[in-house]
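# Architecture at a glance
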Amino acid sequence: VKPPPMPMSSPLMGKKKKPFLGMAAPLGYVPGLGRGATGFTTRSDIGPARDANDPVDDRHAPPGQRTVGDKMKKNQEDDEEDLNDTNYDEFNGYAGSLFSSGPYEKDDEEADAIYAALDKRMDERRKERRELREKDEIEKYRMERPKIQQQFSDLKRKLSGMSDEEWLSIPEVGDARNKRQRNPRYEKLTPVPDSFFSKHLTTGDKHTTVDPLQGRAGGLSTLNLPGGLESPYPGGMTPGLMTPGTGELDMRKIGQARNTLMDMRLSQVSDSVSGQTVVDPKGYLTDLNSMIPTHGGDISDIKKARLLLKSVRETNPHHPPAWIASARLEEVTGKLQVARNLIMKGTEMCPKSEDVWLEAARLQPGDTAKAVVAQAVRHLPGSVRIYIRAAELETDVRAKKRVLRKALENVSKSVRLWKTAVELEEPEDARIMLSRAVECCPTSVELWLALARLETYENARRVLNKARENIPTDRHIWITAAKLEEANGNTQMVEKIVDRAITSLGANGVEINREQWIQDAEECDKAGSVATCQAVIRAVIGIGIEEEDCKHTWMEDAESCVSHGALECARAIYAHALQMFPSKKSVWLRAAYFEKNHGTRESLEALLQRAVAHCPKAEVLWLMGAKSKWLAEDVPAARSILALAFQANPNSEEIWLAAVKLESENNEYERARRLLAKARSSAPTARVFMKSVKLEWVLGNIEAAHELCTEALKHYEDFPKLWMMRGQIEEQSEHNEKAREAYNQGLKKCPHSMSLWLLLSRLEERVGQLTRARSILEKSRLKNPQSPDLWLESVRLEFRAGLKNIANTLMAKALQECPNSGILWAEAVFLEARPQRKTKSVDALKKCEHDPHVLLAVAKLFWSERKITKAREWFLRTVKIEPDLGDAWALFYKFEMQHGTEEQQEEVRKRCENAEPRHGELWCAESKHVLYWQKKIGEILTQVASKIKNTF
C-alpha cells in the first residue's frame, strides 16, 4: 500500500504573521518616507486647475475675495509674519508668535494646558496680595485726589429726604425754548410820520378817491369796493379832523388828540401833582395772587379728569361719589360757582345720599347752606351728621340748641347728638338732659359717667349702680365708683370695689386685660386718685403671669410707669414686688434708686431701713443709707449706720473705705488714718493700701505716702494703680528719673495697664524726648493690640508735635485695627478739614451709632457750625446714653453758658450732680488732682467747663 501523498510545502507557510498588519497607520505616517521615497500628487488629488480670475465657489464672498487669485493672495498675506524691527520688543519679542505658521499638534495643546494651569495657580497665589495692594493704592489715590462726587457727598445725602413732589418739580436740563426764543431778533419799530398818512389817503392801495363836491360839504366818499377805506386809527377819520373844503388832515388837531390820550393814560398810573405813584402795591399783589391758579395739576390733566367725571356722571347719574368728585375738581380749579351748580344737580339725582348733601352744604355760602341743610333734613330725617352740620351752621347758641333738640326728637338713640347737645347746656340743664339721655341710650358708658360727675355723692352712687346693672361688662364704671369713694374719703371702700369689679367682670365673661388695667391705673395716678391707682395695681399685677416671670415682668412694668410719669403706680408695683420677694437684693436696689430719683429723702431712708433688715449682707444698701444721712449733714447717724454695717459685714472692704471717706470728707483726718491703719491690719487689700497712700499724699505727707506705697508694693506688686501713684509722686517732686524707673518697673509687672504706658509716654514727651515717647507707644501697641487708647495717644502725640500728615496716617491705621472704637472716630472727625467733617461724622455714626464719644463729637460739630438747637439735642442724647461721662456734662455746661439761659444752665448742673459722673479725660484730670480732692461735683463741673476752649 502506498503511503498518502504529502502536500507540497510553501515557502510562506512557515513564516509567522506580522502583528502590525491590519492595524491603522500611526498619526503623521507617510509610506516610504524612511527609505527616501517621496510620493507624488496627481491632478485627481487637488482638483482641476483654476485660473486666477475664476470666481470662487462662495457666491456671497466679500469684496476682495471673489476670485481665486484674491483668495490665494489673502492666504499668503496671512501666512507671512511681520518681522520688522518696529514690531519687536526687547522683553516680549515679536508681537505675533514666531511659530504660528507651524502645525498645532496634540503635544502643543497639552503644553499650552500645562502652562495655563501654572499661570492660573501662580495668579491665585498672588491674587489676595495683589488685590490688597490695588485697594490700598486706590484708597490712597482717592484720599489725595477725591472725586467731585465725594466732595459733594454730604450734600447729596440730603436728597434722600426729598419728597416725590419736590423731585418732580426739578426742571429738566436743556433749553426748552423754541428757535425764535433762543435766537431773538428784536423787532424794529419805526414811528410813521403824519405826512405818510396824508399822502396815502388819496393814493392808497385801497383805491379810494375824494369827491371834491362832497369834500366841500365836509364828507368823504368811498367807492363801492370791497373793504372800503380803512383808517390806521379806528375812529380817526371822523368829521372834524378834516379841514372844511380842503380834503387834507388837520395835523394840529391830531396832535392835540394824541396828547389828550396820553394824559388820560398817565393819570391812571401817577399823580399829576407830585409825580408819586397811586397804585396800591398790596392790592396789586393781591390781584396777582388771585390770577395764580390754586391747583397744582396740568391744564391737560384737569381737562381729562373733567371729561372722565362727566362720563361717569352720564353713565351712572345716581352714583354720589361722581358728583362729589366733580364738584371738588371745579372747586380746586377755582370755578366755585360751577362746583355749586354741579353739587346741587347731584342732590337732585341722589337725594338719599348723606355725603352729597354735606358736600353741598360745605360749598354753599351761609344762608344758602342753611336752606340746603333744611332740604337735606326733609329727605333724610334720620341723618345724625346732617343735624350736626345744621347746628354748626348756626352762630347763635340758642339756635344751635333748638336745632339739636329738634334732632333729638327725630333721632333719640344717637349718643353723638346727646353729647353735642349736653356740651351746650349749663350744668343743671345738662344733668336733666343726661338723665333723659341714659334712658334713651342705656348702653353708653360715657353718658352714665358724665351724669355721675354732675350728681351729688349719694345720687352719683345710685347712678353708677344703675349703670352697672345696664352695662355689667365695662370696667370704667367700677373704676369711677372707686375714684368717687376715694374723693369722698372712703378709702377703705376702694379696695373692696376694685376686688368686686374683678370678680364681677370675670363672672360676666370679660377677659381681664392686664395692660388695659395698668393703663387705667396710670390715668388714675395722673388724676390724683392714688388709692384707686394702688388698689388697681395690687388687684391685676399678678394676673396672667407665670411665677418664674413675675420679678422680670414687674420690674419692666415699674420702669414703664416711670417713663409715663405715673410714679404712684411704680411705687405700688415695687411695694407689691417687695412683699413677694423680700430677700431679693436687686428688687430692693431698684426700689431704692426709684425713691432716690423720684421720692423724698425720708421715703428713701425708710425703704433702706426695711431693706437692710431683710438683706443685711447687701453692702450697697448700707452704703446708700449712710450716704443719704451724710448728704443731709447728719454725720453721727451716718456713722451709726456704718457701725451696724460693720456688725453685719465684718472686714468688708467697701464699708471700711466708706467709713474712711466719711471721716476724711468731714476733715476728721486722724480718725480716717486710724480707720485705715485698722483696715490694713484686719482686712488688708490693695484698695485699702491705695486709699492710705492717697490720703497721705493729698494731705501733703509725701514721705509717709512714699513709705506706704513701698510697703504696699511688697504685697501687691501687680496692682498698677500703686505704681502709677508712686510715679506721680516722684513727678510731683520733679524726680523724673525715679518716676521713669517706677513706671518701667510697673510695666514689667503690669504690661497690660494702659494708664501706665500713657503716663510713661507723656513723661518722655514732657522732658522733650519725642522719639522715645513714640517708641514707647509703639511697644505698648505691640504688647496690647487693638487698644484704642494707645492708638489715640499716638495720634495726639504726632498732632501735638505738628506732624499732621503722620497723625492722619496713624489714625487711618488705628481705624483699620479698631473699626468700632468711638473715641477714635470722635477724634477722626476733628482731624479732618472743616468741609469733610460732616461726611466723617456720618461714617462715624454708621460704625458707632450709640457710642457717647461719637454723639459728643457730633454735638461739638453742630456747636462749631452755630446750629444751637441741634447741638443741644445731641448733647441731651449723649448724657442720656452715658450719664457717667464727665466730659459730656462739662461740654454741655459750657455750651449752655454761652448759648443758654440761667434756667438751662442750672438744670444741666443739677442733672450732673444727680448723675455723679466719674469718667472722662478732662473730668478725671480735675477730679483726681491732689489739690481738688475735696471738691464737690458742681465745683468740678464749673472748673472743667472754664478750662474748655472752643478750638474745634
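Refer to the preceding data block for the structure.
Below you will find a few notes about this structure. (Residues numbered from 1 in each chain as written. Predicted model: local features only at pLDDT ≥ 70, side-chain atom pairs only at ≥ 80, totals over all residues. Heavy atoms only, no water.)

Moving on, we get to the overall build of the chain. When you go through the chain residue by residue, the secondary structure sums to 50 helices and two strands. Looking at the chain as a whole, 33% of its 952 residues are labelled buried. Residue pairs at least 24 apart in sequence account for 49% of intrachain contacts in the chain once pairs closer than 6 positions are excluded. If you sum the accessible surface of the chain, you get close to 62,100 Å²; carbon and sulfur atoms cover 53% of it. (Helix = DSSP H or I, 4+ residues; strand = E, 2+ residues; numbered from the N terminus. Buried < 20%, exposed > 50% of the residue type's maximum accessible area, 1.4 Å probe, protein only. Contact = heavy atoms within 4.5 Å. Areas by Shrake-Rupley, 256 points an atom, 1.4 Å probe, with all protein chains shown as cover.)

Here the structure, examined in full by the defined rule, presents eight aromatic pairs. Judged by centre distance (6.1 Å) and plane angle (75°), the ring pair of Trp863 and Phe875 falls under edge-to-face. Of this pair, Trp863 sits in helix H45 (residues 852–864) while Phe875 sits in helix H46 (residues 868–881), and the two are 12 residues apart along the sequence. Summarising the burial analysis for this pair, Trp863 and Phe875 share the class buried. With a centroid separation of 5.3 Å and an interplanar angle of 40°, the aromatic rings of Phe875 and Phe895 are classed as tilted. In this pair, Phe875 sits in helix H46 while Phe895 sits in helix H47 (residues 886–899), placing the two residues 20 residues apart along the sequence. Summarising the burial analysis for this pair, Phe875 and Phe895 share the class buried. Clustering of aromatic rings is evident, with ring pairs tying together Trp863, Phe875, Phe892 and Phe895. (Phe/Tyr/Trp six-rings, centres within 6.5 Å; stacked < 30°, edge-to-face > 60°.)

Membership of the largest hydrophobic core comes to 79 residues, with the highest contact counts inside it found for Trp517, Ile537, Val540, Trp554 and Leu621. In terms of residue count, helix H28 (residues 567–580) provides more of this core than any other element does, seven residues in total. Those residues in contact with Ile537, other than ones at most four positions away along the chain, are Ile518, Ala521, Cys569, Ala572 and Ile573. Among the nonpolar cores identified, the runner-up in size contains 31 residues, and Met724, Leu758, Ile776 and Val930 belong to it. (Core = buried A, V, L, I, M, F, W, Y, C linked by side-chain atoms within 4.5 Å.)

On to the packing of helix H17 (residues 384–393) against helix H18 (residues 397–410), then. Where H17 meets H18, the axes come as close as 8 Å, and the angle between the chain directions of the two elements is 165°. As far as their axial angle goes, H18 and H17 are roughly antiparallel. Both H17 and H18 take part in a crossing whose hand is right-handed. The segment H17 lies against H18, with Tyr387, Ala390, Ala391 and Glu392 engaging Lys400, Val403, Leu404, Ala407 and Asn410. Grouping the amino acids of the contact of H17 with H18 by side-chain chemistry returns six nonpolar, one polar and two charged. (Axes fitted to C-alpha atoms, helices over the stretch in contact; angles between N-to-C directions. Parallel < 35°, antiparallel > 145°, perpendicular 65-115°, else oblique. Left-handed = near helix turned anticlockwise from the far one by under 90°. Nonpolar A, V, L, I, M, F, W, Y, C, P; charged D, E, K, R; others polar.)

The tally for this structure, following the rule as stated, stands at zero disulfides. Not engaged in a disulfide, the cysteine Cys524 finds its nearest cysteine sulfur in Cys533; these two sulfurs lie 6.8 Å apart. Judged by its relative accessible area of 1%, Cys524 falls in the buried class. With no disulfide of its own, Cys561 lies closest to Cys569 among cysteine sulfurs, the gap being 4.8 Å. (Disulfide = S-S within 2.5 Å.)

With that settled, the discussion passes to the side chain of Glu595. Among the structural elements, Glu595 can be located in helix H29 (residues 585–598). A polar side-chain atom of Glu595 sits 2.8 Å from a polar atom in the side chain of Ser603. In contact with Glu595, other than residues within four places in its own chain, are Arg571, Thr600, Ser603, Leu604 and Leu607. (Polar contact = N/O pair within 3.5 Å; in protein donor to acceptor, adjacent residues only side chain to side chain.)

Another aspect to go through is helix H50 (residues 937–947). Residue pairs three or four apart in sequence face the same way in an α-helix, which turns once every 3.6 residues. Within H50, the full set of buried residues consists of Ile937, Gly938, Ile940, Leu941, Gln943, Val944 and Ala945. On its buried side, H50 packs onto H47, helix H48 (902–915) and helix H49 (921–927).

Moving on to a negative patch on the surface. On the surface, a cluster of negative charge is made up of Glu105, Asp107, Glu109, Glu110 and Asp112. The residue Glu109 is located in helix H3 (residues 106–144) in this model. (Patch = residues over 30% accessible without salt bridge, like charges linked within 9 Å, V, L, I, M, F, W, Y side chains within 5 Å. Salt bridge = Lys/Arg side-chain N within 4 Å of Asp/Glu carboxyl O. Lys, Arg positive; Asp, Glu negative; His and termini not counted. Charge placed at Lys NZ, Arg CZ, Asp CG, Glu CD.)

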